[in-house]
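Inside the fold
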Amino acid sequence: MPNELITIPAAEWNKLKQRATKLALDKSNQQLVMQLMSKMSEASGLENVIDNMLRSIVDVIGGANLVLYYKIDADIFYADVYGVKKQLQQPDDERVISAFATGDASEYQHDFNDTQMLTPAFTHAYTWIYPLKVGSVVIGVFKIESLHIAMRDLYSQLPLFFNYAALVLKNEILGYTRLQHVNNLLQQEILIRKQTERNLVAAKNEAEAANRAKSVFLANMSHELRTPMNAVLGFSQLMQRDSDLSSTQRETLNIINNSGKHLLGLINDVLDMAKIEAGRVIIENGNFDLGALVRDTIDMMHERAEAKGLELLLDQSSSFPRFVNSDEAKFRQILLNLVGNAIKYTLKGRVIVRLTAENSPDTGQCILTCEVKDTGIGIAEQDLPFVFDTFVQVGRESDQQGSGLGLRITKQYAELMGGQVTVTSELDKGSSFILTLPVAKVGESEIINKSVFDGKRVLGLAAGQPVYRVLVVEDQLENRLLLKKLMEAVGFQVREAVNGQQGVEQFKRWKPDFIWMDRRMPIMDGITATQKIRALPDGGNVKIVAVTASIFAEQRQEFLNAGVNGIVGKPYRDAEIFDAMATYLGVRFIYDEPVNEKNAAEQLFTRQYSQCLKQLPEELLSELRQAVMCLDIEHSLAVIEQVKALDAPLADVLSERVNQFDFEGLAQWLGDTGIL
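Residues numbered from 1 in each chain as written. Predicted model: local features only at pLDDT ≥ 70, side-chain atom pairs only at ≥ 80, totals over all residues. Heavy atoms only, no water.

**Digging into the overall build of the protein**
For the protein, the count of helices and strands is 18 helices and 20 strands. For the protein, the proportion of its 676 residues judged to be buried stands at 42%. The long-range fraction of contacts in the protein, counting pairs at least 24 apart against all pairs at least 6 apart in sequence, stands at 68%. Accessible surface, the protein: about 36,300 Å² in total, of which carbon and sulfur atoms supply 51%. (Helix = DSSP H or I, 4+ residues; strand = E, 2+ residues; numbered from the N terminus. Buried < 20%, exposed > 50% of the residue type's maximum accessible area, 1.4 Å probe, protein only. Contact = heavy atoms within 4.5 Å. Areas by Shrake-Rupley, 256 points an atom, 1.4 Å probe, with all protein chains shown as cover.)

**Quick word on the packing of aromatic side chains**
As enumerated under the stated definition, the model contains 7 aromatic pairs in all. With a centroid separation of 6.3 Å and an interplanar angle of 75°, the aromatic rings of Phe-492 and Phe-589 are classed as edge-to-face. With a gap of 97 residues between them, Phe-492 in the loop between α9 (477-490) and β16 (493-497) and Phe-589 in strand β20 (residues 589-592) connect regions that are remote in the sequence. What makes Phe-589 buried here is its relative accessible area of 8%. For the ring pair Phe-578 and Phe-589, a centre distance of 5.3 Å and an interplane angle of 65° mean the geometry is edge-to-face. In this pair, Phe-578 sits in helix α13 (residues 574-585) while Phe-589 sits in strand β20, placing the two residues 11 residues apart along the sequence. Comparing Phe-578 with Phe-589, the two get one shared label, buried. Taken together, the ring pairs in this structure connect Tyr-468, Phe-492, Phe-578, Phe-589 and Tyr-591 into an aromatic cluster. (Phe/Tyr/Trp six-rings, centres within 6.5 Å; stacked < 30°, edge-to-face > 60°.)

**Examining a nonpolar patch on the surface**
On the surface, Val-182, Leu-186 and Ile-190 cluster together into a nonpolar patch covering about 250 Å² of accessible area. Relative to the elements of secondary structure, Ile-190 occurs in helix α4 (residues 158-240). (Patch = residues over 30% accessible without salt bridge, like charges linked within 9 Å, V, L, I, M, F, W, Y side chains within 5 Å. Salt bridge = Lys/Arg side-chain N within 4 Å of Asp/Glu carboxyl O.)

**Quick look at the packing of helix α6 (residues 290-307) against helix α7 (residues 328-344)**
Any two packed helices are characterised by how steeply their axes cross, that is the angle between the axes, and by the distance between the axes. Close contact between α6 and α7 brings their axes to 10 Å; oriented N to C, the two are set at 30°. Here α6 lies roughly parallel to α7, going by the angle between them. Seen along the crossing, α6 lies across α7 with a hand that is right-handed. Along its contact with α6, which presents Leu-290, Leu-293, Val-294, Thr-297, Met-300, Met-301, Arg-304 and Ala-305, the element α7 presents Glu-328, Phe-331, Arg-332, Leu-335, Leu-336, Val-339, Gly-340 and Ile-343. (Axes fitted to C-alpha atoms, helices over the stretch in contact; angles between N-to-C directions. Parallel < 35°, antiparallel > 145°, perpendicular 65-115°, else oblique. Left-handed = near helix turned anticlockwise from the far one by under 90°.)

**As for the side chain of Asp-374**
Mapped onto the secondary structure, Asp-374 falls in strand β11 (residues 366-374). A distance of 2.8 Å separates a polar side-chain atom of Asp-374 from the backbone nitrogen of Gly-376. Ignoring sequence-local partners within four residues, the contact set of Asp-374 consists of Ala-342, Thr-346, Arg-350, Val-351, Lys-429, Gly-430 and Ser-431. (Polar contact = N/O pair within 3.5 Å; in protein donor to acceptor, adjacent residues only side chain to side chain.)

**Here we look at helix α15 (residues 618-629)**
Because an α-helix packs 3.6 residues into every turn, residues spaced three or four apart end up facing the same way. Taking 1.5 Å per residue as the helical rise, α15 with its 12 residues ought to reach 16 Å, and the 16 Å between its terminal C-alpha atoms agrees with that figure. Leu-620, Leu-621, Leu-624, Ala-627 and Val-628 are the residues of α15 that are buried. Viewed along the axis of α15, the buried residues span an arc of 125°, placing them on a single side of the element. Seen from the open side of α15, the exposed residues pointing more than 90 degrees away from its buried face are Glu-618, Glu-619 and Met-629. (Expected span 1.5 Å × (residues − 1). Arc of directions from axis to C-beta.)

**A word on the pairing of strand β12 (residues 420-426)**
Relative to strand β13 (residues 430-441), β12 is paired through 7 bridges, and the arrangement is antiparallel. Bridge pairing in β13 links Ser-425 to Ser-431. The loop that links β12 with its antiparallel partner β13 comprises 3 residues; one of these, Asp-428, has a positive phi angle of about 70°. (Pairing = 2+ DSSP bridges.)

**Some points on the packing of α9 against α13**
Orientation of α9 relative to α13, taken along the N-to-C sense of each, is 65°, at an axis distance of 11 Å. α13 is crossed by α9, and the crossing has right-handed handedness. Residue-level contacts link Leu-483, Leu-486, Met-487 and Val-490 of α9 to Asp-574, Ile-577, Phe-578 and Met-581 of α13. When the residues that make up the contact of α9 with α13 are grouped by side-chain class, the tally is 7 nonpolar, no polar and 1 charged. (Nonpolar A, V, L, I, M, F, W, Y, C, P; charged D, E, K, R; others polar.)

**Focus on the sheet that holds strand β17 (residues 514-518)**
Pairing is parallel across the open sheet formed by 5 strands, whose spatial order is β16-β15-β17-β18-β19. The open sheet has two edge strands, β16 and β19 (566-569), and neither has a second partner. Strand-to-strand twist across the sheet, computed as the mean angle between neighbouring axes with direction ignored, equals 20°. Two strands pair when backbone bridges link them, and strand β15 (residues 469-473) and β17 are joined in this way by 4 bridges, in the parallel orientation.

**With respect to unusual backbone geometry**
In this structure, Asp-428 is a non-glycine residue whose phi angle is positive, near 70°. When you line up the elements, Asp-428 lands in the loop between β12 and β13. For Asp-428, a relative accessible area of 56% translates into the label exposed. In the Ramachandran plot, Lys-511 falls in the positive-phi region, its phi being about 50° despite a non-glycine side chain.

Structure representation (structure tokens):
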């Protein structure tokens, strides 16, 4: 009957209701998945796709937090729904690590310690860990935290979505890596091309500037400087033959002569710069007295240092050899360049030259180390790479002096000789240039005698004196033999000791009249030995003079406090040795008198024209003086043209002197007139 009700058992009814509910839920879940897939298609680009994917899942499914871990090549990245993105060494969750390794999904009841959102609504919640796979390769892992328990039935529908998400992510990662690779290649290509262009332009500009500067410098300076320097050297050497000179004057002349030789050498070396660049410079090794070279260099630079109120100190190790085989001229120029540079750029304080050496077991040579340390203006860190460049001067323009060739020549010479020059510096605190150079040690007998004695040369002991006993206490064989030969050559009796202890024993047995005492020695040093000798009977009578390379005042005072009578610094000159013995022992010497060769004609010539100058008007003399003091050739010749109308022979002589660049001689003549 149509209107008759059909009775369905309650159990069956419940089954039908559950089935209908499940179908509705499955349809609803499928719709959610389709909605997710649709939302994911709305973005492009890796970062945009990831952001859209995370927001879509949270909007549709929910959850307190959603994290995507994904791989690009071997790197792992993290992105969450809150916008945090970062690269990881490895995932920060063991379950995620497991999902990457096995490709298996997992779910677990949520531990609220891991959540970023705590509300009562999530008391019963789950976290899903789901890998994104393309084939068998896991390219990422989703971690959906605090998912409501009501969404658990959605789990069965997720594989469809996650497979789709994996494909989308894979495509975006491929596109991203390809784009990055292309971008990197393009960036590298652009950088390389720009750097190459900059290098080429810089090299071209540098080469052109250097060539122009070198050409102008060589053309203008080399000839004009060479001619007057020959005159300076010639006259200073003539004056050295004058027997009426005092020892102080003779020493001053030696410094003038050595400085003149140095300057002339520099002029010649400017021309050698072209040879260096062309590879035409040769090394001319020979045997020479390194100690004398160092001392001459320090003496030459002392006056310049004192004029600036600077201390110029020499700290020479006892291991530093006296006689060596190397290129003497180039070594001298290297040392002069380094010391001169230090003085030039030091306004106050000191310049210290430290000399040490050590034997090289591999080559059998001796490695010299020469450090020139100053308290000057220093060099900025960014300028250090350019210090040794040709015609380059670093630092403030107001501090720049000279031609910019010195350090370049120094570096080139050092490398040609098998060594190197390095520099460390701190702006406004000072610089340290260190030269390391291999040389061969030689004996004194292999040295050609090139000594030029300052003042009178000692020939022997004057008659009517006792036979003096001299003890030499020195650990270095060459220094000990040098002192012994100097002493024996003039008639002293000499004995040796190789350390302070032997020196004390020799004093007890032999009772010398005079002791040369080194400072640094093995077993017992010179200070201790001096103290022990002074404490012995008759120890107060012997004259003890220290021979030391110590430079600091406190070290010298320590020696004086121990009881020495005086100190002679290393390296020393023969004259200093004999002067010390004359001073403290009272010994008298026989000297070789230099030949008196006064140039009477030159003196007469000077007096004659000085008188002629005095006859000129005072205004004309004053103008000539101004031109001479300014080294102004054109102005000087213009003034001399006015002189010509008054005294033609005098004007001719003055013109000749100006053309020879003899401003020093002109200044002397004008000085004789009382104008200067």
